[in-house]
Amino acid sequence: MILSNDGIQQALDAGDLAITPEPSPRRPTEDDEVEKYKVVRIADEIVVDLLKEACGIDCAQASEGGIEIKTVENVPIPVGRKELLIRTKQTERPSDAADVQFLRFRIAAETELSK
């Protein structure tokens, strides 16, 4: 559901992500899997977790101003704004705390550049 703009571009630049018209051969097998299990992991060349919600934020809430569209190779990709990503990282995990610190740093840097 959510990637940062920077994350998409970095993955494309590193050759870790390709935009292809074909669906993944390892997609969920049932339409209601995310609803039923809350998290569905799709593992192919990369691992993607499909979540019903993150830190109490579901897709409908995230779509209310938290998502922007990034077009890569003419494919529109919804990505989470940094502020939304911070809201989804409100956990006790050290990796999430580090992510929040980095995202806040990026927001501050972008704000400073826009002055």
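Here, the structure is the one placed above.
Residues numbered from 1 in each chain as written. Predicted model: local features only at pLDDT ≥ 70, side-chain atom pairs only at ≥ 80, totals over all residues. Heavy atoms only, no water.

Enquirer: Honestly, unusual backbone geometry in this entry has me stumped. Any pointers?
Expert: The bulk of non-glycine residues show a negative phi, and the bulk of peptide bonds are trans. One non-glycine residue with positive phi stands out, namely C55, at about 50 degrees. Secondary-structure assignment places C55 in the loop between β3 (53-54) and β4 (57-58). Of the residues examined, C55 reaches a relative accessible area of 38% and is grouped as partly exposed. Of note, the phi angle at N74 is positive, near 65 degrees, even though the residue is not glycine. (Helix = DSSP H or I, 4+ residues; strand = E, 2+ residues; numbered from the N terminus. Buried < 20%, exposed > 50% of the residue type's maximum accessible area, 1.4 Å probe, protein only.)

Enquirer: What should I look at first to understand the pattern of salt bridges in this one?
Expert: In total, this model carries 7 salt bridges according to the counting rule given. A salt bridge links R106 to E110; the nearest nitrogen and oxygen atoms lie 3.6 Å apart. Note that R106 and E110 are positioned in helix α5 (residues 94-113) at a spacing of 4 residues, about one turn of the helix. The partly exposed category is assigned to R106, whose relative accessible area is 23%. For E110, a relative accessible area of 35% corresponds to the partly exposed category. Its salt-bridge partner being E112, residue K115 comes within 3.8 Å of it at the nearest N-O pair. Per residue, the accessibility class of K115 equals that of E112, and both read exposed. (Salt bridge = Lys/Arg side-chain N within 4 Å of Asp/Glu carboxyl O.)

By themselves these figures say nothing about function.
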